[in-house]
Amino acid sequence: MNWRDNWRVILLAIFIAVSVYALVAPGVGGSDDAATNESLVAEAGGPTNLAFGLELSGGTRIRAPVDGQTAYEVDVPRETSPGQIERRVAANISAADASDVTVRLAQSANETTTVELLVGNVSTERFGSALDAAGYEYDRIQAGVTDATRNTIVRILRDKISQAGLAGGRVQEVQTADGENFVVIEMPNANQSQVEDLVTERGKVQVVAGFPVQGDNGTEYRRVPLLTQGDFSRISSAQDSARRGPHVPLTLEEDAARNYSNAMNEFGFTGEGVESCRYRDDPENPGYCLYTVVDNETVYAASMGSGLARTMQSGEFVQDPGFIMQTTNMSEARELQIHLNAGSLPAALNLDDGTSYFLAPSLAEEFKLYSLITGLVAVLAVALTVFFRYGDPKVAAPMLVTALSEVVILLGFAAAVQLPLDLSHIAGFIAVIGTGVDDLIIIADEVMAEGDVNSNRVFQSRFRKAFWVIGAAAATTIIAMSPLAVLSLGDLQGFAIVTILGVLVGVLITRPAYGDILRRLMTDT
Amino acid sequence: MVAFEVPEVDYTRYTNRQLAAIPLALLAVALLVLAGWYVTTGAPVQLGTEFTGGTELRVQTATPSSELPDQFDADVVSVSPVRSEANTYIVTFPPEAENIAEQARSNLEPTQACAQNPDCDPVKSVQGTSASFGSSTQQLALYGLGLAFAGMSVLVFLMFRTFVPSIAVVLSAFSDIVIPLALMNLLGIELSLGTVAALLMLIGYSVDSDILLNNHIIRRSGGFYESTYRAMRTGVTMTLTSLSAMAVMALVAYLFGIDLLASIGLVLVLGLATDLMNTYMLNLSLLRWWKFEGVAR
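Rules of the game
- Residues numbered from 1 in each chain as written.
- Chains lettered and ligands numbered in written order.
- Predicted model: local features only at pLDDT ≥ 70, side-chain atom pairs only at ≥ 80, totals over all residues.
- Heavy atoms only, no water.
- Disulfide = S-S within 2.5 Å.
- Helix = DSSP H or I, 4+ residues; strand = E, 2+ residues; numbered from the N terminus.
- Buried < 20%, exposed > 50% of the residue type's maximum accessible area, 1.4 Å probe, protein only.
- Core = buried A, V, L, I, M, F, W, Y, C linked by side-chain atoms within 4.5 Å.
- Phe/Tyr/Trp six-rings, centres within 6.5 Å; stacked < 30°, edge-to-face > 60°.
- Lys NZ or Arg CZ within 6 Å of the ring centre and 35° of its normal.
- Pairing = 2+ DSSP bridges.
- Axes fitted to C-alpha atoms, helices over the stretch in contact; angles between N-to-C directions.
- Contact = heavy atoms within 4.5 Å.
- Polar contact = N/O pair within 3.5 Å; in protein donor to acceptor, adjacent residues only side chain to side chain.
- Nonpolar A, V, L, I, M, F, W, Y, C, P; charged D, E, K, R; others polar.

A.B. asks: Explain the state of the cysteines to me, please; I cannot follow it from the model alone.
C.D. replies: Put plainly, a disulfide is one covalent bond tying together the sulfur atoms of two cysteines. All names here are of chain A. According to the stated counting rule, one finds one disulfide over all chains in the structure shown. Between the sulfur atoms of Cys277 and its disulfide partner Cys289 the distance amounts to 2.0 Å. Because the torsion about its S-S bond is 95°, the bridge between Cys277 and Cys289 counts as right-handed. Of the two residues, Cys277 is situated in the loop between α8 (254–267) and β13 (289–294) and Cys289 in strand β13; the sequence distance between them amounts to 12 residues. For Cys289, a relative accessible area of 0% puts it in the buried group.

Shown next as structure tokens:
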């Protein structure tokens, strides 16, 4: 046996060995860092290093566009600040306040100034007329938000998911063929409503002071927002204590602490307002209350404590600005902590214009097992047909071994790069077995045509002829699949990628090796 | 070991017209079916929820299937039982339906086994697609198929550089897609992303055997019928192998209730059978005409 003549077989053997190693060796396939950051499922405890996608492991996937619209090439006078523009535009839209409008001034010649409206349910005409009324000319308004805003959303969502303790979650941006942008969130083992809550709530947390003032027509209530995300220098974990109930301990930034305690003193919270919130008993006439407001909904109303009031009056508070936000239950406290830590989303996702997918893990387990069996049965069918056709195990057995080794190499590759396998990939594997065996049949028929193969030269020339057909067929398959591999949007992409890879592995590695094996068996050299 | 041999067909007994008539007639019927479908339903094929928008719920419940639609606020498009599991149904809703999973969890009667297990969730899977997303997916799938087909055609023309053999491959690949599409309508298989994948796979499989036939006839020495027979022996084996694998896969996946794999398998079985006919009747007759008459002109 000659090394140089058999290098193709040796190459195949090396590939199979590496693939098997990637498949079963513990700790391979980036299970240390990739599994925690990027990959979908940390499939710990499984017998292989394969990563499984949602269809085979269960979980939730939400794919939705960002709720908002953007005006491009807006003409703004040079001296106006973004804040001014935001306020003027928001003033013309009843559903929005200044924080729902984002202005990005052009920084360089190739950029344009954009104005984004980050609330849903406002028509583009409405937004356009608001811009007109504010006196800003624009080129066009499109649904969706700018790349910068979308990147922020993706970053914050990643943060929120990791803080919610939902391990293995993944957030990505995808663009459809017609240029629409979607945010895709995939989370194993989470159910749909958990995920939906997390992504549809913008999570804007405010502390609002509500207090009575004597006006001309008797007592009126004023509400003044005092603190928001970004005013805290330290956010501790949510906890539950007997005295204070569920709460999140916080420390204020120095400036925020000074403003806050000044406001408290000025509004009377540290005087007559101490311990005088009656919100729960009498929401119409609550007295002096500090409201915790999430997405404009009051989740808790607290009184100013007498101890805290004293430190504010004396000015000690600014030196030691400890603060707590109370909630009614622990899960609210945890959610509050996530919102405080991750920050608020610039805009929510519009679930009505996307897709959602939930699969129970138990059903996914069944799918995994059943699709494995289905694949094996398909291989068995191929094997039987090939044996019946050739009646010669010398031809048929290596054919099967080669076709299977293609699948092993692909699985090894999938394990090594932690490609999350879904049903569409399984279909791709079966397609690969199909085309693989087809090509091996071409080789076998061509080589064995017209009598015995008795010399190496005859073999080589026949093998080359066969390879022209295989190469041509492989090229067409790759061309046919490539649009799908590139035109993203998930489901068919996996199938296309596996098929293309399979064809490449087949043409470059396994089929030449099969030729070598067959030659040894046929020429008896 | 029992070996089967691909039988040798005596093509000299049939004229080109006779050979091409059957595949072309079937193609025409298939196009008629698609056109008729388009006229009556507004789409040439039955689109699944991935393309039209809507929600598909898979649920295990003791509530009988006839009472299922009453348990939801939204209209129910269809309820179909899952064969592999008792008391399991797939319920389909139109795109505007909301909060399907919550309604299912609160309104449906859990099965006995489920009621005893606090972790049990009667909702096995929910798949929701909005109408706008569905239509953009539809477009994407159409682009994908179109581009794949165009790319394949260009490549085939580049490889053979002669009109008739190339168009023969393209025509038979076209027919390999259209006839299964029409059959899907007749058999009630919806077009989903999975079946689109199957149709794309068909392009690959179908071109395989066509290229093989062309290659043997154009580029090899030997008589036309001899080359044909050699190509057929290999090509039919190839197609039969794939056909048997896909038939078995369709059957097993059907029994297990994995609809995606079952429909991929079934579409491929239909397509591969169509391919046998197209390659060795349509493609062959075009090649024979080209070899014996077309070139002489």
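A.B. asks: Is there a simple way to think about unusual backbone geometry in this case?
C.D. replies: Trans is the prevailing form of peptide bonds, just as negative phi is the prevailing case for residues other than glycine. Residues and elements named next belong to chain A. Of note in this structure, Gln418 is not a glycine but carries a positive phi near 55°. With respect to the helices, strands and loops of the structure, Gln418 is situated in the loop between α13 (393–416) and α14 (423–448). Relative accessible area serves as the criterion here: at 11%, Gln418 is assigned to the buried category.

A.B. asks: Explain the nonpolar core here, please?
C.D. replies: Taken as a class, soluble globular proteins show a tendency for nonpolar side chains to be buried jointly. A:Met399, A:Ile443, B:Leu191 and B:Ile203 are the most contacted members of the largest nonpolar core, which totals 122 residues. No other element matches the 15 residues that α14(A) contributes to this core. Counting 30 residues, the second largest nonpolar core, distinct from the first, contains A:Phe232, A:Ala238, A:Leu290 and A:Phe317.

A.B. asks: Just to check I follow, could you spell out the packing of aromatic side chains for this structure?
C.D. replies: Between two aromatic rings, the relevant description is the distance of the centres plus the angle of the planes. Counted according to the given criterion, the structure contains 16 aromatic pairs over all chains. Judged by centre distance (4.9 Å) and plane angle (90°), the ring pair of A:Phe182 and B:Phe133 falls under edge-to-face. Taken together, the residues A:Phe182 in strand β7 (residues 181–188) and B:Phe133 in helix α5 (residues 131–160) connect one chain to another. Taken individually, A:Phe182 and B:Phe133 each receive the classification buried, so the pair is uniform in this respect. Ring plane angle 65° and centroid distance 6.1 Å describe the contact between A:Trp468 and B:Phe160, whose orientation is recorded as edge-to-face. Within this pair, whereas A:Trp468 is found in helix α15 (residues 456–486), its partner B:Phe160 is found in helix α5, the two belonging to separate chains. With relative accessibility at 26%, the residue A:Trp468 sits in the partly exposed group. Through a chain of ring-to-ring contacts, the aromatic side chains of A:Phe211, A:Phe267, A:Phe269 and A:Tyr288 assemble into a single cluster. Just above the ring of A:Tyr390 sits the side chain of A:Arg389; from NZ or CZ to the centre is 5.0 Å. The ring of A:Phe358 has B:Arg105 lying over it, and the distance from NZ or CZ to the ring centre is 5.9 Å.

A.B. asks: For this particular structure, what's the right way to read the sheet that holds β13(A)?
C.D. replies: Where strands meet in a sheet, backbone hydrogen bonds hold them as pairs that are either parallel or antiparallel. Residues and elements named next belong to chain A. Overall, antiparallel pairing links the four strands, which are arranged β9-β8-β13-β14 in an open sheet. Two strands bound the open sheet, and with one partner strand each, they are β9 (218–228) and β14 (297–302). Within this sheet the neighbouring strands show an average axis-to-axis angle of 30°, counted without direction. Taken together, the 10 bridges between strand β8 (residues 205–215) and β9 define a ladder with antiparallel strand orientation.

A.B. asks: Would you mind going over the interface of chain A and chain B with me for this structure?
C.D. replies: Often the size quoted for an interface is simply the accessible area lost on bringing the parts together. Between chain A and chain B, the residue contacts involve 71 residues of the former and 75 residues of the latter. On inspection of chain A and its partner chain B, the count reaches 10 residue pairs in polar contact (both at pLDDT 80 or more). Where the side of chain A that touches chain B is concerned, the elements lending two or more residues are α7 (192–200), β16 (355–359), α12 (361–390), α14, α15 and α16 (491–523) of chain A. For the side of chain A that touches chain B, a count of residues per class yields 40 nonpolar, 17 polar and 14 charged.

A.B. asks: What's the story with the sheet that holds β7(A) in this structure? I'm lost.
C.D. replies: Spatial strand order, β6(A)-β7(A)-β1(A)-β16(A)-β4(B)-β1(B)-β3(B)-β2(B): eight strands in an open sheet with antiparallel pairing. In this open sheet, the two strands that pair with only one neighbour each are β6 (170–175) of chain A together with β2 (78–81) of chain B. Pairs of neighbouring strands in the sheet enclose a mean axial angle of 15°, with direction left out of account. Across six bridges, the pairing between strand β1 (residues 54–60) of chain B and strand β4 (residues 123–129) of chain B is antiparallel. Its bridge partner lying in β4(B), B:Gly54 is registered against B:Thr129. Each of β16 of chain A together with β1, β3 (88–93) and β4 of chain B is contacted by helix α3 (residues 100–107) of chain B, which is oriented at about 155° to β4(B), the strand it contacts most.

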